[in-house]
Protein chains: 2
Amino acid sequence: MIKGSQSIQFEHAPYVVSSGSIVGKKEADGPLGALFDHMDEDDLFGENTWEAAESKMQKKACIIALQKAGIGPEKVRYLYGGDLLRQGIATSMGVEELQIPMFGLYGACSTSGEALALASMSVAAGYGEYMLAVTSSHFGSAEKEFRFPLGYANQRPLSSQWTVTGSGAFLVGTEKSHVRITGITVGKIVDYGLKDSQNMGACMAPAACDTILQNLKDFERKESDYDRIFTGDLGYVGQSILFDLMRRNGKDIKPNHVDCGMIIFDQQTQDTNAGGSGCGCAAVTLSSYILPKLTTGEWKRVLFVPTGALMSTVSYNEGESVPGIAHGIVLEHC
Amino acid sequence: MIKGSQSIQFEHAPYVVSSGSIVGKKEADGPLGALFDHMDEDDLFGENTWEAAESKMQKKACIIALQKAGIGPEKVRYLYGGDLLRQGIATSMGVEELQIPMFGLYGACSTSGEALALASMSVAAGYGEYMLAVTSSHFGSAEKEFRFPLGYANQRPLSSQWTVTGSGAFLVGTEKSHVRITGITVGKIVDYGLKDSQNMGACMAPAACDTILQNLKDFERKESDYDRIFTGDLGYVGQSILFDLMRRNGKDIKPNHVDCGMIIFDQQTQDTNAGGSGCGCAAVTLSSYILPKLTTGEWKRVLFVPTGALMSTVSYNEGESVPGIAHGIVLEHC
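A. Structural context of the pairing of strand β7 (residues 130-137) of chain B. Residues and elements named next belong to chain B. Counting buried positions along β7 gives eight out of eight residues, so the element sits mostly inside the fold. Because side chains alternate across β7, one face comprises the buried residues Y130, L132, V134 and S136, and the other comprises M131, A133, T135 and S137, equally buried. With five bridges connecting them, strand β5 (residues 78-82) and β7 associate as parallel partners. Across the sheet, the residue bridging to L79 is L132, located in β7. In the sheet, β7 pairs with strand β9 (residues 166-173) via eight bridges, with the strands oriented antiparallel. Across the sheet, the residue bridging to V134 is A169, located in β9.

B. Quick peek at the environment of D37(B). All names here are of chain B. For D37, the position within the fold is in the loop between α1 (25-28) and β4 (38-39). Apart from residues no more than four positions distant in its own chain, D37 is found in contact with S19, G20, S21, I64, K68 and S287. Looking at D37, its side chain comes within polar contact range of the main-chain nitrogen of S21, at 2.9 Å. Within the structure, D37 has its side chain in polar contact with the side chain of K68 (distance 3.0 Å).

C. Unusual backbone geometry, seen in detail. The phi angle at F45(B) is positive, at roughly 50°, despite the residue not being glycine. Of note in the backbone geometry, N273(B) takes a positive phi value of approximately 50° without being a glycine.

D. Here's a closer look at the packing of helix α6 (residues 200-218) of chain A against helix α7 (residues 235-248) of chain A. Residue and element names in this part refer to chain A. At a closest axis distance of 8 Å, the pairing of α6 and α7 adopts a crossing angle of 40°. Between α6 and α7, the crossing angle belongs to the class labelled oblique. Between α6 and α7 lies a crossing of right-handed hand. For the pair formed by α6 and α7, the contact residues are G201, A202, A205, P206, A208, C209, I212 and L213 on the first element and G238, I241, L242, L245 and M246 on the second. Broken down by class, the residue content of the contact of α6 with α7 amounts to eleven nonpolar, two polar and no charged.

E. Quick look at the packing of aromatic side chains. The tally for this structure, following the rule as stated, stands at 16 aromatic pairs over all chains. An angle of 0° between the planes, with centres 4.0 Å apart, marks the rings of F139(B) and W162(B) as stacked. Taken together, the residues F139(B) in helix α5 (residues 139-146) and W162(B) in strand β8 (residues 162-163) connect sequence positions 23 residues apart. On the accessibility criterion, W162(B) (14% relative accessible area) is buried. An angle of 20° between the planes, with centres 5.1 Å apart, marks the rings of F148(B) and Y152(B) as stacked. Here a set of aromatic residues connected by ring pairs shows up, and it is made of Y78(A), Y80(A) and F103(A).

F. Spotlight on helix α4 (residues 111-124) of chain B. Residue and element names in this part refer to chain B. For α4, spanning 14 residues, the distance from its first C-alpha to its last is 20 Å, which sits close to the expected 20 Å at 1.5 Å a residue. When you tally the buried positions in α4, you get 14 out of 14 residues, the bulk of the element. Two residues or fewer past α4, G126 is found with a positive phi of approximately 85°.

G. Local environment of the confidence of the model for chain A. Across chain A, the average pLDDT comes to 97, with 100% of residues at or above 70. Our summary of model confidence lists the complex with pTM equal to 0.98 and ipTM equal to 0.98.

H. Up close: the nonpolar core. Of all hydrophobic cores here, the largest spans 103 residues; its most connected members are Y80(A), M121(A), F304(A), Y80(B), M121(B) and F304(B). Dropping the residues within four chain positions of it, Y80(A) is found in contact with F103(A), L105(A), A115(A), L118(A), A119(A), S122(A), M131(A), L132(A), A133(A), V134(A), L118(B) and M121(B).

I. Broad picture of the state of the cysteines. Residues and elements named next belong to chain A. One pass over the structure, following the stated rule, counts zero disulfides over all chains. Of all cysteine sulfurs in the structure, the one in C109 sits closest to C203, which takes part in no disulfide; the separation is 11 Å. For C203, a relative accessible area of 3% gives the class buried.

J. Layout of the relation of the copies chain A and chain B. Note on the identical chains: chain A maps onto chain B by a rotation of 180° and an axial translation of 0.0 Å, with an RMSD of 0.0 Å. The two molecules are tied by a two-fold rotation axis, judged by turn and shift. Taken as a fraction of all interface residues of chain A, those also at the interface in chain B reach 100%, which identifies the copy contact as same-surface.

K. The interface of chain A and chain B, seen in detail. Each side of the interface is counted separately: chain A has 62 residues, and chain B has 62 residues. In total, about 5000 Å² of surface goes out of reach between chain A and chain B, with carbon and sulfur atoms giving 62% of it. Three residues stand out in chain A for area buried against chain B, namely Q87(A), Y127(A) and I189(A), and they jointly supply 16% of the buried area on that side. One can count two salt bridges joining chain A with chain B.

L. The environment of I100(B), seen in detail. Here I100(B) is to be found in the loop between α3 (89-95) and β6 (102-105). Under the relative-accessibility criterion, I100(B) is labelled buried at 4%. It is 9.7 Å that separates the C-alpha atoms of I100(B) and Y80(B), two residues lying 20 residues apart in sequence. Sequence-distant contacts of I100(B), that is, excluding residues within four places in its chain, are made with K188(A), P73(B), V76(B), R77(B), Y78(B), L79(B) and L132(B).

M. Representation of the side chain of S136(B) in the model. Residues and elements named next belong to chain B. Along the polypeptide, S136 turns up in strand β7. Within the local environment of S136, its side chain forms a polar contact with the side chain of E54, the two groups lying 2.8 Å apart. S136 has contacts with E54, Q58, G82, D83, L84, A90, G166, S167, C279 and G280, leaving out every residue within four places of it along the chain.

N. A look at the packing of helix α2 (residues 50-69) of chain B against α5(B). Residue and element names in this part refer to chain B. For the pair α2 and α5, the least separation of the axes is 8 Å and the interaxial angle reads 130°. One finds that α2 runs oblique with respect to α5. Where α2 crosses over α5, the two elements pack in a sense that is left-handed. Of the residues in α5, those in contact with W50, E51 and E54 of α2 are G140, S141 and K144. Among the residues making up the contact of α2 with α5, the classes are represented as one nonpolar, two polar and three charged.

O. Expanded view of the pattern of salt bridges. Counting across every chain of the model gives 28 salt bridges over all chains. In this structure, the salt-bridge partner of D225(B) is K222(B), at a minimum N-O distance of 3.4 Å. On the basis of relative accessibility, which here comes to 48%, the residue K222(B) falls in the partly exposed class. Through salt bridges with shared partners, a single network forms among E51(A), K144(A) and E318(B).

P. Looking closely at the environment of I63(A). All names here are of chain A. With respect to the element layout, I63 can be found in helix α2 (residues 50-69). Note on I63: relative accessible area 31%, which makes it partly exposed. Along the backbone, I63 and A208 are 145 residues apart, and their C-alpha atoms lie at a distance of 31 Å.

Criteria and cut-off values
- Residues numbered from 1 in each chain as written.
- Chains lettered and ligands numbered in written order.
- Predicted model: local features only at pLDDT ≥ 70, side-chain atom pairs only at ≥ 80, totals over all residues.
- Heavy atoms only, no water.
- Buried < 20%, exposed > 50% of the residue type's maximum accessible area, 1.4 Å probe, protein only.
- Helix = DSSP H or I, 4+ residues; strand = E, 2+ residues; numbered from the N terminus.
- Pairing = 2+ DSSP bridges.
- Contact = heavy atoms within 4.5 Å.
- Polar contact = N/O pair within 3.5 Å; in protein donor to acceptor, adjacent residues only side chain to side chain.
- Axes fitted to C-alpha atoms, helices over the stretch in contact; angles between N-to-C directions.
- Parallel < 35°, antiparallel > 145°, perpendicular 65-115°, else oblique.
- Left-handed = near helix turned anticlockwise from the far one by under 90°.
- Nonpolar A, V, L, I, M, F, W, Y, C, P; charged D, E, K, R; others polar.
- Phe/Tyr/Trp six-rings, centres within 6.5 Å; stacked < 30°, edge-to-face > 60°.
- Expected span 1.5 Å × (residues − 1).
- pLDDT = per-residue confidence, 0-100.
- Core = buried A, V, L, I, M, F, W, Y, C linked by side-chain atoms within 4.5 Å.
- Disulfide = S-S within 2.5 Å.
- Least-squares fit on C-alpha atoms with pLDDT ≥ 70 in both.
- Buried area = accessible area lost by both parts, 1.4 Å probe.
- Salt bridge = Lys/Arg side-chain N within 4 Å of Asp/Glu carboxyl O.

This is how it looks when you write it as structure tokens:
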């Protein structure tokens, strides 16, 4: 069951029973727009604040996933959830009504990987029939949390990324579907000493490289054993650094690498600089774009690697570097 | 293995192999002062900021626990850690150097329960020989995060609590010791609609009550089946509410209830108002005071219930209520 130094290969691999995705207007206007389950015209989802809107998204994403599986929240043993806001309030206020026993998580934009890892570990261990994994991010609440309130209309460097307004929820369980989580690689914190919080792609690329290399080593696979290797949200800057780092380690993932942050927006027309980001980015891409292709069997095996930049306004204002973390989830068609 | 609706009883109950506790000056001057592994005279632990000091405590607490067990960090499969700061930076910057694959958590002051639950679930499932669970809080960083910087010298209402400067780390594993984690009860978010962020005891008491009742139900036990029931940091206000709520449900935990927040400081001489709090509070009390009594067999079975108030400056300034969450850990002498 234990594989190498950081991975687990599940003897009884749990299934991704169903999932739900919900996004804002800009995401709905992007290249994946038609694939999401639900969108909102003004990004407020009927609420008065960006934070309440983000909570509403989390709740809705969970409910969509539950409805697709035809089960109620009382059937879900534990919920694993997180977001980018201080003290994870989008999650606390969002999932409260579902009344599922819950574990609050923080892994920056890697949180969807963290939640899927823990949900699948719990199902595989026999701790319950169903677990929910949910994450979200919101452009309005994230700009306020990490940079400036939207009203400031601050300028954004070319290396900056656009936080995705969206939430993805995944019901992981023993109930059969056509996608299984067959293994995980839990990430370590990787710190190259970078201090530019507006260049998260560069901060996260070393962690993505570390986790992908570790995954290949632990599972004794080569790059081409995966139909696709998805990173969470490295963006254009981070992707090119990742390719360089992989090459230095004798690996070439160029042919089968896709970054969720690069496909969720159209960089040319949507003014998103280096690409999308946020813990909703990888989550809604997995739900709307990756899982359907695994379900049909178009892809047989995918490595999903959400990446996170570990920082806060306090840490970077105090001169700390911005380390990264990335968790690997192995998804297989069955 | 599954017990009732929220609990797990472990077939192969993991052991608390060792633990480490580290505190600041005020905690060292308190009633439990002589029991902690390490203290620092100026609460800075050789660093320049409260945040860096908190990170240092986390690292030191982990190293103390590892040293007591005589193992290196490379033997630890996964680390589960969290703190109170935005984006959990005390943990990210604190455990980074240990280079253990890690899961970042947020459960407010309940985080030590959340970390111990996940660490024990992972060991019991066979995912590794050793897991680390670590949490911290720091008076200086927490006041800045949630209320005012210390220099403001703001007045504190009588219901307010004093955040403990401290970190507790727990090595959970298959290696035998005299204390086992035999079961867990994962908490739900409980919201009575209270909005006073300066009265966290009242906000958390309903969650403590809910988790204790659920634990007794799921494990088919009565109050007296536990030598002690410890809550994390309800303080004086929260404890009296908890007693009332339990009585309404036909339970009386008065004879064997202890609150970590009420024993860590001397309320009369240390000016701590309703008691101690913070995710270091329950953690250092467990490490220094509870575990030794379980090790000697003075207590045979203890229910440890850290409690958290789910809020941020943003959530309460936007008028949200302060819901609570509490996780139950069953510890037994063996």
